[in-house]
Amino acid sequence: MPSVGTATRYDPLYPGASETFNSSGTFNLPPGIHIVNVQLTGATGNSGASGNDGGAGNDGNAGTAGNGGAAGNAGGAGNSGNAGNSGNNGARGNGGAAGTGNAGNSGTAGNAGGGGGGGGGGGAGSAGVKGLPGTAGNPGGAGNAAPGGGNGGAGGAGGNGAQVLQPGAAGSPGSAGNSGGNGNVGSNGNVGSFNNGAAGNPGNAGANGNAGNAGTGATSGGAGGSGNAGSDGNAGNAGADGNAGADGNTGGTTSFVGNANNLTAVGGAGGNGGAAGTGGSAGAAGTGNAGADGNPGNAGNNGAAGNGGSAGNSGNPGSAGNAGTRGNGGSRGNGGTFGGGGNGGAGSGNTAGNIGSPDGNRSSFGNGGAGGTGGTAGAAGGRGGRPNNGNPGTGGNSGSSGNAGGNGNNGSGATSGNSGNAGANGNAGNAGANGNANAGGSGGAGNSGGSGNSGSSGTTNNTNVRLTVAQEAIAVTVPSNGQAVVTWGRQ
């Protein structure tokens, strides 16, 4: 009877078998199987590519066209036009107008004079006691002063009394009042104004000069030259050789990897590429015809007329007139006359004193003084004289006119006209027509490239391995054209 260990090495329920892999997969070992034969074949290498066909030969170049005949020479230039005439000088500018002076204003009137004071009253004499002289009368009172006037005069002395009951003599008349003062002097008139003289006008510009004469006729051009013959074209280039075919790729590797047993079979090498085709033959060269003769040149144009002379410069402006002098101010007005003092009244008291002289037209004046007392009262003194208004000041003198401005200077001389332009050259003759060119022959076709070589077969790896674990998953990698054959049996 077999031992336990021997029994585990044999299992009639799982006989041996074989599994072929044409693509990648996973190998699982059945239970009880231990000896496994693995045959791995690498993929065959790819064939080399065919060589490219040779290129066709290039066409021959066209013949060069013949050159045209040279153009005729241009006609000679016309003569230059004559110079223009000189421009006229500018006129002189007018002188500036004279300035004017205005008159000064009149002076103001003087103030009125003060009124005179009133005259003093006469003194009265008293009656004498029998056999005794009378008592002198008292002096009259002083007259009142007018506003701005003098004081009134003193009263006269009283008369002496007579003897033995006779009336006393009349008192003396009072003194005349003081004269009033003169009025204040009037103020000066304002100073007159003045104007500046205006500047003169500028002179006119000179006229343009006359145009110059036209140039004389031009000469004809010479005849054109003959055309040159065309040259033959160059032969075409040979066709380029084709490229060699590319080498094939190396075949893929087949592998059996697992349980520390790593088995591989390398793929075959790629085939070599085919040979390149040869290029076609070159085309024949074209031929060229001669060009036509050129035409003769045309005659040159006449010269243009000269330009007119430039205009003269403008005259300078006249100088400005002198400023007028200022007018003098008016003289001051005289002061008003003073009023006279009033005369004293009579001593008897019957006749008042006279009005003071001079007696003006103003309303202010002094009153007369009262009469003196005594035996008989003296008459009152006359009123003071009235003042007059002052005379107005005289008008200021007119300012004198300024001097007229001087005339402007004449404009400077005009310049001569420019010379006329030279005549244009005649037109050149037309060039001869080009010769016709014949096309070159076509190039020959290229030869075909050779076929590529086949790739070599991959290597084969036939190996026995011992596997002890059932249901062990082993990765099997199979490339295109590769193969893996796994065979197992009882141990």
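### Looking at the overall build of the protein
The helix and strand inventory of the protein stands at 1 helix and 8 strands. Of the regular secondary structure in the protein, the N- to C-terminal order runs α-β-β-β-β-β-β-β-β. Taking all 491 residues of the protein together, 34% fall into the buried category. Contacts in the protein between residues far apart in sequence, at least 24 positions, make up 90% of those at least 6 positions apart. If you sum the accessible surface of the protein, you get close to 24,600 Å²; carbon and sulfur atoms cover 44% of it.

### Some words on unusual backbone geometry
Of the consecutive residues Ser-357 and Pro-358, the connecting peptide bond is found in the cis state with omega at 0 degrees. Turning to its location among the elements, Pro-358 is positioned in the loop between strand E5 (261-265) and strand E6 (460-466). Phi at Asn-481 is positive, roughly 75 degrees, even though this residue is not glycine. You can see Asn-481 is positioned in the loop between strand E7 (473-477) and strand E8 (483-489).

### Some details on the sheet that holds E6
Across the sheet, 4 strands lie side by side as E1-E8-E3-E6; this open sheet has antiparallel pairing. Edge positions in the sheet fall to strand E1 (17-21) and E6, since each of these pairs with one other strand and no more. For this sheet, the mean inter-axis angle between neighbouring strands, taken without regard to orientation, is 15 degrees. Two strands pair when backbone bridges link them, and strand E3 (residues 35-41) and E8 are joined in this way by 7 bridges, in the antiparallel orientation. Its bridge partner being in E8, Gln-39 is matched across the sheet by Val-485.

### Structural notes on the nonpolar core
If you look at the biggest cluster of nonpolar residues, it comprises 17 residues, and the most contacted ones within it are Phe-27, Val-36 and Phe-256. Every element with two or more residues in this core is listed here: E3, E5, E7 and E8. Residues contacting Phe-27, with those up to four places away along its chain left out, are Glu-19, Phe-21, Phe-256, Leu-467, Glu-472, Ala-473, Ile-474, Val-476, Val-486 and Trp-488.

### Regarding the environment of Gly-110
Along the chain, the position of Gly-110 falls in the loop between E3 and strand E4 (254-258). Along the backbone, Gly-110 and Gly-390 are 280 residues apart, and their C-alpha atoms lie at a distance of 4.1 Å.

### Points about the confidence of the model for the protein
Of the residues in the protein, 71% reach a pLDDT of 70 or more, and the chain-wide mean stands at 74. Summarising per-element confidence for the protein, the mean pLDDT is lowest in helix H1 (residues 4-8) (35) and highest in E1 (91). Low pLDDT, under 50, characterises residues 1-10; the predicted model gives this stretch 3 contacts beyond four residues in sequence or across chains.

### Focus on the pattern of salt bridges
Applying the stated rule across the entire model yields 2 salt bridges. Here Asp-359 makes a salt bridge to Arg-383, at a shortest N to O gap of 3.2 Å. Of this pair, Asp-359 sits in the loop between E5 and E6 while Arg-383 sits in the loop between E5 and E6; the two residues are 24 residues apart in sequence, bridging distant segments of the chain. In this structure, Asp-359 engages Arg-386 in a salt bridge whose closest nitrogen and oxygen atoms are separated by 3.1 Å. Note that Asp-359 is positioned in the loop between E5 and E6 and Arg-386 in the loop between E5 and E6, a separation of 27 residues in sequence.

### Quick word on the side chain of Thr-254
Relative to the helices and strands, Thr-254 resides in strand E4. Look at Thr-254 and you get buried, because its relative accessible area is 0%.

### Observations concerning the side chain of Ser-255
If you trace the backbone, Ser-255 turns up in strand E4. Setting aside its immediate chain neighbours within four residues, Ser-255 contacts Leu-40, Leu-263, Thr-264, Ala-475, Val-476 and Thr-477.

What counts, and where the lines are drawn
- Residues numbered from 1 in each chain as written.
- Predicted model: local features only at pLDDT ≥ 70, side-chain atom pairs only at ≥ 80, totals over all residues.
- Heavy atoms only, no water.
- Helix = DSSP H or I, 4+ residues; strand = E, 2+ residues; numbered from the N terminus.
- Buried < 20%, exposed > 50% of the residue type's maximum accessible area, 1.4 Å probe, protein only.
- Contact = heavy atoms within 4.5 Å.
- Areas by Shrake-Rupley, 256 points an atom, 1.4 Å probe, with all protein chains shown as cover.
- Pairing = 2+ DSSP bridges.
- Axes fitted to C-alpha atoms, helices over the stretch in contact; angles between N-to-C directions.
- Core = buried A, V, L, I, M, F, W, Y, C linked by side-chain atoms within 4.5 Å.
- pLDDT = per-residue confidence, 0-100.
- Salt bridge = Lys/Arg side-chain N within 4 Å of Asp/Glu carboxyl O.

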